[in-house]
Amino acid sequence: MSTRRDEDGSAAGSSSEARRVFRGAQLFDGESKARTGTTVVVRGDKIEAVTPDAAYGARPGDRVYDLAGKTLMPGMVQCHFHSHFGAFGDGVRAPALGLEAAPAYLSMLAAYNAELAVQCGFTGGIGSSNAHTIDVSLKEAIQAGFVKGPRYLAGSREIVTTGEYSDYPNNRTFFMNLGCTGLTYEADGVDGWRLAGRVESGRGCDVVKISASPGHGSMPVRDILCPTRDELRALVEAVHKNGKRVRAHAPSKTSILECARAGVDIIDHADRIDDECIEALLDHNCTVVPSMLWSERFLGIAEPWDHDKTPLPISEGFPETPAEARAKIRAVREDYEYTCRAMPEAARAGVRMVVGDDYGTPIMPHGDYIPEFELYVKKLGIAPIEVLRWATKNGAEAMGLGDRTGTITVGKQADLIVVDGDPLVDVTCLANRDNLRVILLDGRVMKDTLGA
Ligand SMILES: [Zn+2]
């Protein structure tokens with residue numbers, strides 16, 4: 001697109017464009033230890049130079065940003081993005097699955113959430129389950145330039161087996177019985193799963209989401225694999241043949257193992273990860289999205305709740321007695337504490353971890369992405385620099401774009417952010433959007449409050 005323009009009106013990508021020169025920053029390049037006194041030069045859509053300040057030679061027309069006291073780092077990647085989830089309410093009573101409104105409304109919500117993610121410093125995103133092919137349209141609208149959003153891999157409907165835990169009756173009858181496609185796609189048998197993989201990848205989805213086992217967040221994990229091994233493998237083969245990826249909601253040990261061995265690219269949640277799983281994940285170069293904030297927030301509300309007085313408004317919608325609710329919550333707590341112990345082991349062993357969670361579901365508003373980072377630092381004991389690697393380099397690799405973005409490297413696309421403060425010491429400085437002073441996506445200015 002040659003018609004794309006920065007907010008300030010300058011054409012992006014033209015060789016005559018002035019260089020943007022970021023001087024005096026602390027640089028976190030997405031990988032190595034931070035370096036101070038570094039200059040990063042952006043020309044058009046590319047990173048042209050990364051050099052010590054002293055080695056930088058000014059040219060007439062350079063736009064120079066003085067970044068003393070600031071951190072320059074790669075744009076981040078949101079790896080579990082439900083584009084049209086979310087409601088503008090009090091959050092707690094928000095409907096759970098983003099199917100409460102007409103497709104047109106949901107599409108606008110998706111566009112809003114996509115721009116919000118960019119304004120939060122996320123220049124990449126990987127879609128999770130969504131309805132009405134909204135993700136494919138969202139990606140196309142972003143590429144066409146009339147919606148602002150991150151580099152994006154479009155998610156699919158969630159492939160489920162008939163009658164399983166997430167095959168809610170209301171998935172089929174939402175929105176006053178209009179015959180729209182919902183959030184899930186029921187498939188059975190090897191042929192059915194192969195067809196599902198072909199249909200969803202053929203509709204333009206870049207990542208086909210499947211439901212591999214129940215649990216996570218507000219539901220206890222059950223150690224099963226929902227599809228048969230053959231169903232799973234038929235889908236993965238069909239999707240890969242179309243050059244697309246597969247992601248699986250896979251909290252149980254059995255499902256993690258089976259998905260990794262079947263070649264699933266992204267494992268969501270992985271609550272019951274263990275040494276055997278770690279080996280399989282490493283062997284098959286899988287990415288894990290721990291997405292633990294939802295569980296933490298759910299337990300924070302559910303445990304002190306007076307279940308005898310009022311049912312929990314954010315339960316999964318199945319009727320349950322107070323005793324059943326309390327038993328379920330105890331089981332969720334046990335799963336969660338297990339994951340808190342096991343996930344750091346997996347990270348240390350070298351499993352590729354990324355950030356992203358079920359934003360847009362109740363108590364998880366879109367845009368509130370940084371408490372997840374804080375959780376990994378404080379509760380899991382992961383170093384801030386490591387969490388930032390998950391959010392940048394690892395995210396780009398999970399998108400299959402590790403050679404083009406994710407690190408501040410000469411020749412890569414200019415996806416970067418300038419942060420007031422030092423997220424390598426305190427990740428929470430990323431939570432205040434006022435601290436994000438510059439956001440470049442593909443060299444285009446998405447935000448600039450430094451005014452160089
Ligand atoms: Zn999800």
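Before reading on, note that the structure itself is shown above.
Now for a description of the structure that goes with this document. Nothing here was measured: the structure is a model prediction, and the numbers come from that model.

## A look at the overall build of the protein
- Counting its secondary structure elements, the protein contains 10 helices and 18 strands.
- Looking at the 452 residues of the protein, the share that counts as buried comes to 58%.
- Restricting to contacts in the protein with at least 6 residues of sequence separation, those with at least 24 account for 71%.
- Entry remark: accessible area of the protein is about 17500 Å², with carbon and sulfur atoms responsible for 51%.

## A look at the coordination of the zinc ion
- On the protein side, the zinc ion has H80 (NE2), H82 (NE2) and D358 (OD) as donor atoms, found 1.9 to 2.1 Å from it.
- Between consecutive donors of the zinc ion, the numbers of intervening residues give the motif H-x1-H-x275-D. Taken as a pair, H80 and H82 share a single burial class, namely buried.

## Topic: the sheet that holds strand β7 (residues 122-127)
- What the three strands build is an open sheet, ordered β6-β7-β8; its pairing is parallel. Where the open sheet ends on each side, the last strands, each with one partner, are β6 (76-81) and β8 (151-153). On average, each strand axis in the sheet is tilted by 15° relative to the strand beside it, whichever way the strands run.
- Where β7 and β8 come together, three bridges link them in parallel fashion.

## Description of the nonpolar core
- In this structure, I267, I273, L281, F373 and L430 are the most contacted members of the largest nonpolar core, which totals 93 residues.
- For this core, the domains that each give at least three residues are domain 1 (20-74 + 406-448) and domain 2 (76-399).
- With 16 residues, the next largest nonpolar core counts I47, Y65, L72 and I408 among its residues.

## A closer look at helix α5 (residues 253-262)
- Burial of α5 is extensive: seven of the 10 residues sit out of reach of the surface.
- Among all positions in α5, only S255, I256, L257, E258, C259, A260 and A262 are buried.
- Tucked into the core, α5 has its buried residues touching α4 (229-241), β12 (245-249), β13 (266-268) and α6 (275-283).

## Topic: the sheet that holds strand β11 (residues 207-211)
- With respect to topology, seven strands assemble into an open sheet ordered β10-β9-β11-β12-β13-β14-β15, the strand pairing being parallel. The sheet terminates laterally at β10 (184-186) and β15 (352-353), the two strands that pair on one side only.
- Across the sheet, helix α3 (residues 189-202) touches β9 (155-160), β10 and β11, and the angle it forms with β9 is around 165°.

## What to know about the pairing of strand β5 (residues 70-74)
- Counted residue by residue, β5 has five buried out of five residues, so it is predominantly covered.
- As defined by bridge partners, strand β1 (residues 20-27) adjoins β5 across two bridges and the pair is classed as parallel. In the strand pairing of β5, Q26 is matched with T71.

## Regarding the pattern of salt bridges
- One pass over the structure, following the stated rule, counts 31 salt bridges.
- Residues D420 and K70 are paired through a salt bridge, measuring 3.5 Å at the closest nitrogen-oxygen approach. With D420 in strand β16 (residues 416-420) and K70 in strand β5, this pair connects stretches of sequence that are 350 residues apart.
- Judged by relative accessible area, which is 24%, D420 ranks as partly exposed.
- Under the relative-accessibility criterion, K70 is labelled buried at 13%.
- Residue E200 pairs with R203 through a salt bridge whose shortest N-O separation is 2.8 Å.
- In this structure, a network of salt bridges that share partners links the residues R19, R43, E48 and D62.

## Details of α3
- Between its first and last C-alpha, α3 extends 19 Å over 14 residues, near the 20 Å set by a 1.5 Å rise per residue.
- Residues of α3 that are buried make contact with β9, β10, β11 and α4.
- Looking one or two residues past α3, G204 carries a phi angle of roughly 105°, positive in sign.

## Re the packing of aromatic side chains
- Scanning all chains against the criterion turns up seven aromatic pairs.
- Relative to Y65, the ring of F22 lies with its centre 4.5 Å away and its plane at 20°, an arrangement referred to as stacked. On the criterion of sequence distance, the pair formed by F22 in strand β1 and Y65 in strand β4 (residues 63-66) is long-range, its members being 43 residues apart.
- The exposure class of F22 is buried, given its relative accessible area of 0%.
- Judged by centre distance (5.9 Å) and plane angle (80°), the rings of F81 and Y152 are edge-to-face. Taken together, the positions of F81 in strand β6 and Y152 in strand β8 put the pair 71 residues apart, joining distant regions of the chain.

Criteria and cut-off values
- Residues numbered from 1 in each chain as written.
- Predicted model: local features only at pLDDT ≥ 70, side-chain atom pairs only at ≥ 80, totals over all residues.
- Heavy atoms only, no water.
- Helix = DSSP H or I, 4+ residues; strand = E, 2+ residues; numbered from the N terminus.
- Buried < 20%, exposed > 50% of the residue type's maximum accessible area, 1.4 Å probe, protein only.
- Contact = heavy atoms within 4.5 Å.
- Areas by Shrake-Rupley, 256 points an atom, 1.4 Å probe, with all protein chains shown as cover.
- Donors = N, O, S within 2.8 Å, 3.2 Å for Na, K, Ca; no water.
- Pairing = 2+ DSSP bridges.
- Axes fitted to C-alpha atoms, helices over the stretch in contact; angles between N-to-C directions.
- Core = buried A, V, L, I, M, F, W, Y, C linked by side-chain atoms within 4.5 Å.
- Domains from an automatic or database assignment.
- Salt bridge = Lys/Arg side-chain N within 4 Å of Asp/Glu carboxyl O.
- Expected span 1.5 Å × (residues − 1).
- Phe/Tyr/Trp six-rings, centres within 6.5 Å; stacked < 30°, edge-to-face > 60°.

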